[in-house]
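Residue-level structural notes
Now for the letters of each chain:
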Amino acid sequence: MKVVAILGGQWGDEGKGKIIDLLSDRFDVVARYHGGHNAGHTVKFGDRHFALHLLPAGAVRGRIGVIGAGVVVDPDALLAEIAGVREQGIEIGDNLLLSDRAQVILPWHRLLDAARESAAGDGKIGTTLRGIGPSYESAAARKGVRVAELYRPATLRARVEALAAETGALLRALGCADIPETSAVLDALGRSAEALKPHVRDTGRYLRDHLRGGGTLLAEGAHGAMLDLSAGTYPFVTSSTCTSAGVAAGLHISPRALDGSLVVLKAYTTRVGSGPFPTELKDATGEFLRARGNEYGTSTGRPRRTGWFDAVVARTAVELSGAAAVAITKLDVLDDLAEIPVCVGYRLDGHELRDVPPLVEDLDRVEPVYETVPGWRTKTTAATRTEDLPPAAHRYVRYLEERIGAPAVFLSTGPRREETVWRMESEFLRALPGA
Ligand code: GDP
Ligand code: IMO
Ligand code: MG
């Protein structure tokens, strides 16, 4: 398998950063294909700790990092992130490529995100307020600014002025007072464009040539399948395609290039922001999972909502991405539990549901159908060998595998790179480059 995608299978923060980091030394290129700096991917090894938002996790391992055309890029956020990882001793130079087709997040997008959320009151999505949704809206409306335009002053001015006129009117209608001056935005864009220039290139052409030459590629998913714009818990979703279906479109490569996908799943479930969450625990057990799992957002620091593993969600994610394997993370967080409920279906108005219903008002009302699996009450933290896991932990993993229909090839027992069980007997791992 030369081209592999790693994707989130729940509502984000499954531990994708860790799994991508584990595999990135096997691939020449690691590429982000969607989302923006709403993502927060943690990479830890030894005493090193990186919180990445736009930079592909492979950057930390010196791989070539690509930010593809499907990504929405806030130039200042990207420059700040580059500066931050450089301060941590990571070289970012020729090894970072930014697509000339990527959409630019402008200040009006950020303001619109905030104004909409504030106008929505209790109905707010709980976005990261980074302007992600409005930026994708501009792209779909064909009113967006792309990276290549940053280097054509006259074109840029015309497009920014048109966007400012439209979104300015909307912002005023929403009661936003502090609307930025176009000239100030253009000046700032000019400065950041200059700083980003060495990285800008036709990354689609680069990747297609790279693949034609037999090169390898790891596609880095952000968010999670239930945050997918179309397949997720709409409207409480993000604005991009979070399944493997987005890889080709977001990187400008052929869909036939993708050889395999792996979905990352937390051994329980978390969600940040609003929206339905059938297995949510609003009690002491939920608080226990939050404290034990350190469930606070990597991007925004918000406490994550916590709940039991939802096999309906996980199976859907595996199916949507055609995943041949999963990684189960944060197994160690469950170490002290006597028993572990798993949601295997939903009940709504006396009917059994096997799938996530299309309307959130229904998903809000479903009653999860649980099966309970015995816990292990043994420390698994930092275990690296299959034989170091207690039999009950193996049974829990096997149970999840059966329910979701894919084998778990990584079992993660701590945040660090080293704290991982690699199931080397799995076909998926044996088919990876360098195996
Ligand atoms: P991502 O968005 O999917 O990359 O996930 P995040 O990095 O936002 O959140 C996952 C959090 O869990 C991070 O703080 C990781 O360091 C941490 N983490 C990942 N795997 C494990 C694990 O197996 N055990 C524990 N205790 N923490 C983990
Ligand atoms: P990673 O890649 C968790 C959520 C937000 C909000 C909704 C829409 O770290 O897993 P947006 O700002 O995207 O318009 O917000 O999506 N969300 C995430 N939640 N992890 C993420 O990314 C997320 N990216 C977006 O909390 O509910
Ligand atoms: Mg995250």
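What you see is a predicted model; the values in this text were computed from it and never measured. (Residues numbered from 1 in each chain as written. Chains lettered and ligands numbered in written order. Predicted model: local features only at pLDDT ≥ 70, side-chain atom pairs only at ≥ 80, totals over all residues. Heavy atoms only, no water.)

**Notes on the coordination of the magnesium ion (ligand 3)**
What counts here: Because no water is among the atoms considered, metal sites can look incomplete, with donors defined as N, O and S atoms within 2.8 Å of the metal, or 3.2 Å for Na, K and Ca. To qualify as a helix, a DSSP run of H or I must reach at least 4 residues; to qualify as a strand, a run of E must reach at least 2; elements of each kind are numbered from the N terminus. Burial here depends on accessible area, computed with a 1.4 Å probe over protein chains only, as a share of the maximum for the residue type. Under 20% is buried, over 50% is exposed, and the range in between is partly exposed.
Listed as protein donors to the magnesium ion (ligand 3) are D13 (OD) and G40 (O); their distances from the metal cover 2.0 to 2.2 Å. A residue pair is termed long-range when its members are at least 10 positions apart, and D13 in the loop between β1 (3-8) and α1 (16-24) and G40 in the loop between β2 (29-32) and β3 (41-45) qualify at 27 residues. No difference in accessibility class separates D13 from G40, as the two residues are buried.

**Side note on the site of ligand 2**
To keep it simple, the criterion reads: The rule for a residue being near a molecule or strand is that one of its heavy atoms must lie within 4 Å of it. We call two N or O atoms a polar contact when they sit within 3.5 Å, provided that within protein one can donate a hydrogen and the other can accept it, with sequence-adjacent residues counted only if both atoms are side-chain atoms. A 1.4 Å probe and the Shrake-Rupley method give the accessible areas. Residues count as covered only by the protein chains that appear here. Amino acids are sorted into nonpolar (Ala, Val, Leu, Ile, Met, Phe, Trp, Tyr, Cys and Pro), charged (Asp, Glu, Lys and Arg) and polar (every other residue, Gly among them).
Around ligand 2 sit 20 residues, and of these K16, H41, T128, H223 and T238 come closest. Between K16 and ligand 2, the recorded distance is 2.7 Å, taken from a side-chain N or O atom to an oxygen atom. In this structure, an oxygen atom belonging to ligand 2 sits 2.6 Å away from a side-chain N or O atom of T238. Calculation on ligand 2 without its partners gives an accessible area of 550 Å², and the protein chains cover 97% of this total. Considered class by class, the residues forming the shell around ligand 2 number 7 nonpolar, 10 polar and 3 charged.

**Comments concerning the site of ligand 1**
In plain terms, the rule: In this analysis the probe radius is 1.4 Å and the grid spacing 1 Å, with only protein atoms considered; a cavity is a set of points the probe fits into but cannot get out of, a pocket is an open set with protein on both sides within 12 Å along at least five of seven lines, and lining residues have an atom within 4 Å of a point. For this analysis, a molecule is said to be in a pocket or cavity if more than half of its atoms are within 2 Å of the grid points defining it.
The environment of ligand 1 is made up of 18 residues, and the closest members are K16, G17, G40, T42 and S412. Between D13 and ligand 1, the recorded distance is 3.0 Å, taken from a side-chain N or O atom to an oxygen atom. Protein contacts shield 93% of the accessible area of ligand 1, which totals 580 Å² for the unbound molecule. Given that more than half its atoms are within 2 Å of the pocket grid, ligand 1 belongs to the second largest pocket. Among the secondary structure elements, those contributing two or more residues to the shell around ligand 1 are α1 and β3. Residue contributions to the shell around ligand 1 peak at 3 residues, all from α1.

**Brief notes about the layout of surface pockets**
What counts, and what does not: Grid points are joined across faces, edges and corners, and a volume is the space filled by probe spheres set on the points.
By volume, the second largest pocket is sized at about 620 Å³. Elements that contribute at least two residues to the lining of the second largest pocket include exactly α1 and β3.

**A few points about the domain arrangement of the chain**
To keep it simple, the criterion reads: An automatic or database domain assignment provides the domain bounds reported here. In what follows, a contact means two residues having at least one pair of non-hydrogen atoms within 4.5 Å. Here the quantity called buried area is the accessible surface, traced with a 1.4 Å probe, that two parts lose on coming together, added over both. In the sections that follow, a salt bridge refers to a side-chain nitrogen of Lys or Arg positioned within 4 Å of a carboxyl oxygen of Asp or Glu.
Domain parsing of the chain yields domain 1 (3-90 + 203-430) and domain 2 (103-199). Relative placement of domain 1 and domain 2: their C-alpha centres are 29 Å apart. Each partner contributes to the interface: domain 1 provides 28 residues, whereas domain 2 provides 20 residues. Together, the buried faces of domain 1 and domain 2 total about 1900 Å²; carbon and sulfur atoms form 60% of this surface. Inspection of the domain 1/domain 2 interface yields 1 salt bridge. In this structure, the salt-bridge partner of R110 is D74, at a minimum N-O distance of 2.9 Å.

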